[in-house]
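Okay, here's what each chain looks like letter by letter:
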Amino acid sequence: EEAKLTLRPPNLATSYAPLQNWQHQPEKLIFESCGYEASYLGSMLIKDLRGTESTQDACAKMRKSTEHMKKIPRITLSISYKGVKFIDASNQNVIAEHEIRNISCAAQDPEDLCTFAYITKDLQTSHHYCHVFCTADVNQAYEIILTLGQAFEVAYQLAIQAQKSCHPEAVVSRPLKPVPKPRGSIRRQNVALRPHVHEEKKNLNP
């Protein structure tokens, strides 16, 4: 039987969240998923990847380009340790799916904290795209970013657990390289997340 997964608290696993506890039990992100309603403002190609700055630039541009749109798609963001799915709120069809290892630079928009985004890498083209969303409530946007951070932490701890079970002698003989803390910034309620779990992607493959 697998040992219970132990997560570092947000204030140790991240550089942006001074909280002592995550929003969810790890099992929720492993065996189920966390669903959040949001509006999908769209995506844009990121030609010059500059971390959180690129995410926040994309938020500002997408907000401006959609401010006069009468109908913005409503979706459910389904988050688990495997990644994020966009589900059409009207018919429950999966529109898109992003693996956790290909997601980076999630952040709220400092000018509008209800707007947030994350960047994904297209493995076929190696291009980066920023996907922008907005919620009706600031706290919900904040919780979505924190849940993404927890999904990265769960994926990382599962990878360590898998490595220990596959190569127990290696764990005894040499310590595991620690994962760097996500770089980011927090201004009042503004959250920025730059996960580095993709550096461990060889361990995340089934």
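Residues numbered from 1 in each chain as written. Predicted model: local features only at pLDDT ≥ 70, side-chain atom pairs only at ≥ 80, totals over all residues. Heavy atoms only, no water.

Points about the state of the cysteines
Each disulfide consists of one covalent bond between the sulfur atoms belonging to two cysteines. Taken as a whole and judged by the stated rule, the model has 0 disulfides. Between Cys-114, a free cysteine, and Cys-134, which holds the nearest cysteine sulfur, the sulfur-to-sulfur gap is 7.3 Å. Residue Cys-114 is classed as buried on the basis of its relative accessible area, which comes to 15%. (Disulfide = S-S within 2.5 Å. Buried < 20%, exposed > 50% of the residue type's maximum accessible area, 1.4 Å probe, protein only.)

With respect to the environment of Leu-5
Structurally, Leu-5 is set in the segment before helix H1 (10-13). Sequence spacing of Leu-5 and Val-154 is 149 residues, and the spatial spacing of their C-alpha atoms is 8.0 Å. Leaving out residues up to four positions away in the same chain, Leu-5 has contacts with Pro-26, Ile-30, Val-154, Gln-157, Leu-158 and Gln-161. (Helix = DSSP H or I, 4+ residues; strand = E, 2+ residues; numbered from the N terminus. Contact = heavy atoms within 4.5 Å.)

Observations regarding the side chain of His-128
Inspection of the secondary structure puts His-128 in strand S7 (residues 128-134). In this view, His-128 contacts Met-44, Leu-45, Ile-46, Leu-49, Ile-119, Thr-120 and Lys-121; residues no more than four positions away in its chain are not counted.

Observations concerning the confidence of the model for the chain
Residues with a pLDDT of 70 or more make up 76% of the chain, whose mean pLDDT is 79. For the stretch residues 170-192, pLDDT sits under 50, and the model shows 55 contacts to residues farther than four places along the chain or on other chains. Predicted confidence is poor over residues 194-206, with pLDDT under 50, and the contacts of this stretch with residues over four places away or in other chains come to 31 contacts. (pLDDT = per-residue confidence, 0-100.)

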